[in-house]
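Each chain is listed here by its residues.
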Amino acid sequence: MSTPATIKAGIAMPPKNPNKLPIAGERNVLITSALPYVNNVPHLGNIIGSTLSADVYARYQRVRNINALYICGTDEYGTATETKALADGVTCQELCDKYYPIHKQCYEWMEIDFDHFGRTTTEQQTKISQDIFMRLYERDLLVEDSMLQLYCGQCDRYLADRFVEGSCPKCNYDDARGDQCDQCGSLLNATDLINPRCKLDGNRPVQKESRHLFLDLGKLQPECEAWYEKASAEGSWSNNGKVITQSWFKEGLKLRCITRDLKWGTPVPLPGWEGKVFYVWFDAPIGYPSITANYTDDWEKWWKNPENVKLYQFMGKDNVPFHTVIFPSTLVGTGEKWTLLNTLSTTEYLQYETGKFSKSRGVGIFGNNVQETGVPPSVWRYYLLSNRPETNDSQYLWKDFIARNNNELLANLGNFVNRVIKFVNAKYESNVPTLDAAAAPATESDEKLVREVNERLKLYVEALDDVKIREGLRLAMEISALGNVYLQENKIDNTLFADHRARCDRVVVTALNLIYFLSAILFPFMPSTSDSIARQLNAPVRLLPESFAIDSILPGHVINKAEYLFKRIDEKQEDIWRAKYGGNGTEPAADEKKKKRKPTKAAPAPVFKGEKPVEVVELEKKIEEQGAKVRELKTAKADAAAVQTEVSALLGLKKDLADLFAKLTV
């Protein structure tokens, strides 16, 4: 929409640029989220772990008018695709063509706004990955050797990692895959498995030798490790990302096989190596530049421009070593100036009710299921982001999902916005009044609101600059709660309008400007909510200002009719949804065999001898201050929504302290 004359000039968000390139002399941010396997529908744990988290950061750049490119796409090669295609009785290409639009539609519904969402089965993927491979080959970084592989006589084929299952040699989990154990997270070779079995027919395979190519990571370790030390310090990496990466360097990088005996993949471009393809974890990360190359022919301006581009990557913790060791080593090995990872944001796991998400067992809610519930995307985004497993695993609980909608979104944010706009519709016939500074000068309440909002804004920017997404959302909701407190302090009602009109005018103008400010603060997290606020205010979606002031919506502006941002969810839906999507208080049968340990008592909180760590002291201070704020609001019998928001903030700080204690005592 065009900006009305009664809205401050220069604050509207510019239209999205469909042809983004780095801009000399400005901040340029390249954002990727882990490429989802194409072979199934993504569940909520996949979404919060990568695509949704990256979307928040990309939208944060946009609301600050920073040039940022967000790239993602489906990972379509490898044994995961072959396995699923065999099970479904279709070709690999047919499987990819079926699931790619399903992924795309799930993310679009969740309002994840990629600049380009592509796929890895493209000519650009083949060209770029083969070019990188040849540079490694020419620089003597590839080693030829034979390796023992599992061969199924019944199938008459070498079995790729994902075609083999067996017991993990490290934790004895019975259903470990040939490349990784989902129980303990260890990376494996198929020949490491105890009692291996062919996934295709259940027969026990035998070991046979096969010729392969290996990337000599050991030669690249000094340069890759030096890059890591610099990037992890400057880029404020997630702690689990640093711990996982350090463990690889500490153990010492070794030869890593980068070829497989498969048909579905990028062919090895060397004579005598026909019938071999690249290992999916060698060429899957190359999907980031290849997908960018399908977005723009000038892709190298993003990917070979380390002086002018900062690369931010988002993923679950199981993907870390491929992005922090193998992929950077591969790029370093080419001898070219690639844009290497600057900031890594990783998550732990999101569990579903009492166990894991499982498509095969019908446990958990997936990207297509959320659309069936009738709950809008903003609520899903809010719940997942406020429950983002940043430092420890978190749980998806239907009871908590409903409570956060009703007690936080509806009672805090929805109440504040709806109360003000309905009041202006009814009392002012939707017209923004002119302030009479002489009759109603700014009071301590007005000044306190501006001061406290700007204090939160500073912390909000610091949090999101450091990719502390959950903290950024918490602060956004605190600002909304400040609005509710302001309305209560000034008793906005018919009496104020009738008996103290000039004061009422100031309160209304202040509240409307705060609501407009909130639309920018919330844009990274709940974009359709921001759109709704802007529509109700009859104003364009706005950029985030440097500070909050009462100067964006001007006198004489006409707003639109109020709309409800959120609707109450009946608590009875908990049982209905749990029955439909599993998680009814019992563990999945397939998981019982790995739960043979005796229950252990909860570990006591650590006792620090001598001086406490600085992080603990700072968090304890925040908890003390937040507790005092909650007590003060309760004593003053403040608005229930405001109290609930501050209580949620207090509980969040206590959880952060518990998480920190757990880490410090490991």
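On a predicted model such as this, the values are computed, not experimentally measured, just so you know.

The rules behind these values
Residues numbered from 1 in each chain as written. Predicted model: local features only at pLDDT ≥ 70, side-chain atom pairs only at ≥ 80, totals over all residues. Heavy atoms only, no water. Axes fitted to C-alpha atoms, helices over the stretch in contact; angles between N-to-C directions. Helix = DSSP H or I, 4+ residues; strand = E, 2+ residues; numbered from the N terminus. Parallel < 35°, antiparallel > 145°, perpendicular 65-115°, else oblique. Contact = heavy atoms within 4.5 Å. Nonpolar A, V, L, I, M, F, W, Y, C, P; charged D, E, K, R; others polar. Pairing = 2+ DSSP bridges. Expected span 1.5 Å × (residues − 1). Buried < 20%, exposed > 50% of the residue type's maximum accessible area, 1.4 Å probe, protein only. Arc of directions from axis to C-beta. Salt bridge = Lys/Arg side-chain N within 4 Å of Asp/Glu carboxyl O. Core = buried A, V, L, I, M, F, W, Y, C linked by side-chain atoms within 4.5 Å. Right-handed = clockwise from strand over helix to strand, strands pointing away. 1 Å grid on protein atoms, 1.4 Å probe; cavity = no way out; pocket = protein on both sides within 12 Å on 5 of 7 lines; lining within 4 Å. Points joined across faces, edges and corners; volume = space filled by probe spheres on them. Left-handed = near helix turned anticlockwise from the far one by under 90°. pLDDT = per-residue confidence, 0-100. Disulfide = S-S within 2.5 Å. Phe/Tyr/Trp six-rings, centres within 6.5 Å; stacked < 30°, edge-to-face > 60°. Lys NZ or Arg CZ within 6 Å of the ring centre and 35° of its normal.

Enquirer: What is the right way to look at the packing of helix α11 (residues 377-386) against helix α12 (residues 398-427) in this model?
Expert: Relative placement of two packed helices is described by the angle separating their axes and the distance separating the axes. One way to put it is that α11 packs onto α12 with a least axis distance of 10 Å and a crossing angle of 110°. Between α11 and α12, the angle falls in the class roughly perpendicular. Between α11 and α12, the contacting residues are Val379, Trp380, Tyr382, Tyr383 and Ser386 on the first element and Trp398, Asp400, Phe401, Arg404, Asn405, Glu408 and Leu409 on the second. Partitioned by chemical class, the residues of the contact of α11 with α12 number 7 nonpolar, 2 polar and 3 charged.

Enquirer: Looking at this structure, I do not really get the sheet that holds strand β5 (residues 157-158). What am I missing?
Expert: Backbone-to-backbone hydrogen bonds pair the strands of a sheet. The strands run either parallel or antiparallel. Read from one edge of the open sheet, 4 strands run β5-β4-β9-β10, paired in antiparallel fashion. At either margin of the open sheet sits one strand with a lone partner, and together these are β5 and β10 (255-257).

Enquirer: I'm lost on helix α4 (residues 123-138) in this one. Help?
Expert: Given 3.6 residues to a turn, an α-helix orients residues that are three or four positions apart in the same direction. With 16 residues, α4 should cover 22 Å at 1.5 Å per step; its first-to-last C-alpha distance of 22 Å lies within 8% of that length. Regarding α4, the residues found buried are Gln125, Ile128, Ser129, Ile132, Phe133 and Leu136. When α4 is viewed along its axis, its buried side chains cluster within an angular range of 135° and face the same direction. Among the exposed residues of α4, those oriented more than 90 degrees off its buried face are Glu123, Lys127 and Glu138. Looking at the packing, one finds that the buried side of α4 touches β4 (142-152), β9 (206-216), β12 (277-278), α7 (280-283), α8 (287-295) and α10 (320-333). Where α4 terminates, the next one or two residues include Asp140, which has phi positive at roughly 60°.

Enquirer: Explanation requested: helix α16 (residues 501-522) in the structure shown.
Expert: In this model, α16 (22 residues) spans 31 Å end to end at C-alpha, consistent with the 32 Å of a helix rising 1.5 Å per residue. With 20 of 22 residues buried, α16 lies mostly within the body of the structure.

Enquirer: Just checking my understanding: could you explain the pattern of salt bridges for this structure?
Expert: For side chains bearing opposite charge, pairing can occur when the charged atoms are close. With the rule as written, the count across this model stands at 47 salt bridges. Measuring nitrogen to oxygen at the nearest pair gives 3.0 Å for the salt bridge that ties Glu144 to Arg211. Residue Glu144 is found in strand β4, and its partner Arg211 is found in strand β9; the two are separated by 67 residues along the sequence. Residue Glu144 is classed as partly exposed on the basis of its relative accessible area, which comes to 45%. Lys276 is the salt-bridge partner of Asp261, the closest N and O atoms lying 2.6 Å from each other. Residue Asp261 is located in the loop between β11 (259-260) and β12, and its partner Lys276 is located in the loop between β11 and β12; the two are separated by 15 residues in the primary sequence. Neither residue differs from the other here; Asp261 and Lys276 are each classed as buried.

Enquirer: Would you mind going over the sheet that holds strand β6 (residues 164-167) with me for this structure?
Expert: Here 3 strands make up an open sheet; going across it, the order is β7-β6-β8 and the pairing antiparallel. With partners counted over all chains shown, the strands left at the sheet margins are β7 (176-177) and β8 (194-198), one partner each. Direction of pairing for β6 relative to β7: antiparallel, over a ladder of 2 bridges. Bridge pairing in β7 links Glu165 to Arg177.

Enquirer: How should I be thinking about the environment of Gly627 in this particular structure?
Expert: Tracing the backbone shows Gly627 in helix α19 (residues 614-635). For the pair Gly627 and Ala649, spaced 22 residues apart in sequence, the C-alpha to C-alpha distance is 9.5 Å.

Enquirer: Teacher, can you tell me more about the nonpolar core here?
Expert: Among soluble globular proteins, nonpolar side chains are generally buried collectively. Core analysis: the largest hydrophobic core is formed by 156 residues, its most contacted members being Leu44, Phe401 and Tyr460. Looking at which element gives the most residues to this core, the answer is α16, with 14 residues. Once residues lying within four places of it in the same chain are set aside, the contact partners of Tyr460 are Tyr60, Gly472, Leu475, Ala476, Ala520, Ile521, Pro524, Phe525 and Leu544. Core analysis: the second largest hydrophobic core is formed by 16 residues, Cys152, Leu159, Val164 and Ala176 among them.

Enquirer: Quick question: what am I supposed to make of the pairing of strand β14 (residues 341-347) here?
Expert: Where a strand is regular, its side chains alternate between the two sheet faces. Burial analysis of β14 places 7 of its 7 residues in the buried class, which makes it a mostly covered element. For strand β13 (residues 310-316) and β14, the ladder comprises 6 bridges, and the chain directions are parallel. Residue pairing across strands places Gln313 opposite Leu344, the latter belonging to β14. Note on the crossover from β13 through α10 to β14: the handedness is right-handed.

Enquirer: Would you mind going over empty space enclosed by the protein with me for this structure?
Expert: Using a probe with the size of a water molecule, rolled over the atoms, empty space left in the structure can be pinpointed. Taken as a whole, this structure holds 5 cavities of 30 Å³ or more when the rule is applied. Here the largest cavity is characterised by a volume of approximately 100 Å³. In terms of lining residues, the largest cavity is bounded by 13 residues, among which Gly78, Thr79, Arg162, Tyr279 and Val280 are the most central. Counted by class, the lining of the largest cavity contains 7 nonpolar, 2 polar and 4 charged residues. As a volume, the second largest cavity reaches approximately 90 Å³. Lining the second largest cavity are Lys16, Lys20, Asp55, Ala58, Arg59, Arg62, Ala68, Asp113 and Asp115. For the lining of the second largest cavity, the element with the highest residue contribution is helix α1 (residues 44-63), accounting for 4 residues. Tallied by class, residues from the lining of the second largest cavity come to 2 nonpolar, no polar and 7 charged.

Enquirer: It is not clear to me how the environment of Leu459 should be interpreted in this structure. Could you clarify?
Expert: Along the chain, the position of Leu459 falls in helix α13 (residues 444-465). Judged by relative accessible area, which is 40%, Leu459 ranks as partly exposed. C-alpha of Leu459 to C-alpha of Leu475: the two residues are 16 residues apart in sequence and 7.6 Å apart in space.

Enquirer: Whenever I open this one, the packing of α16 against helix α17 (residues 527-537) confuses me. Can you help?
Expert: Where α16 meets α17, the closest approach of the two axes is 8 Å, and the angle between their N-to-C directions is 155°. Between α16 and α17, the crossing angle belongs to the class labelled roughly antiparallel. As α16 packs across α17, the resulting crossing turns out to be left-handed. Where α16 approaches α17, its residues Leu512, Ile515, Tyr516, Ser519 and Leu522 are matched on the opposing element by Pro527, Ser530, Ile533 and Leu537. Across the contact of α16 with α17, the residue classes break down as 7 nonpolar, 2 polar and no charged.

Enquirer: I would appreciate a short explanation of the confidence of the model for the chain in the present structure.
Expert: Caution applies to low-pLDDT regions: their predicted coordinates should not be interpreted in detail. Overall, the predicted model of the chain reaches an average pLDDT of 90, with 90% of residues at or above 70. Low pLDDT (under 50) marks residues 585-610, which in the prediction has 23 contacts with non-local residues, meaning those over four places away or in another chain.

Enquirer: Which parts of the structure should I look at to understand the state of the cysteines?
Expert: Linking two cysteines covalently through their sulfur atoms gives a disulfide. Taken as a whole and assessed by the stated rule, the structure comprises 0 disulfides. Sulfur of Cys181: no disulfide; nearest cysteine sulfur belongs to Cys171 and is 3.6 Å away.

Enquirer: What's the story with the packing of aromatic side chains in this structure? I'm lost.
Expert: The relative placement of two aromatic rings is captured by the distance of their centres and the angle of their planes. Taken as a whole and assessed by the stated rule, the structure comprises 39 aromatic pairs. Measuring from ring centre to ring centre gives 4.9 Å for Trp398 and Trp577, while their planes differ by 35°; the resulting arrangement is tilted. Of this pair, Trp398 sits in helix α12 while Trp577 sits in helix α18 (residues 573-581), and the two are 179 residues apart along the sequence. Side by side, Trp398 and Trp577 carry an identical accessibility label, which is buried. What links up through ring pairs into an aromatic cluster is the set Tyr352, Phe357, Phe366, Trp380, Tyr383, Tyr396, Trp398, Phe401, Trp577 and Tyr581. One Lys or Arg, Lys304, reaches over the ring of Trp338 and ends 4.8 Å from the middle of that ring.

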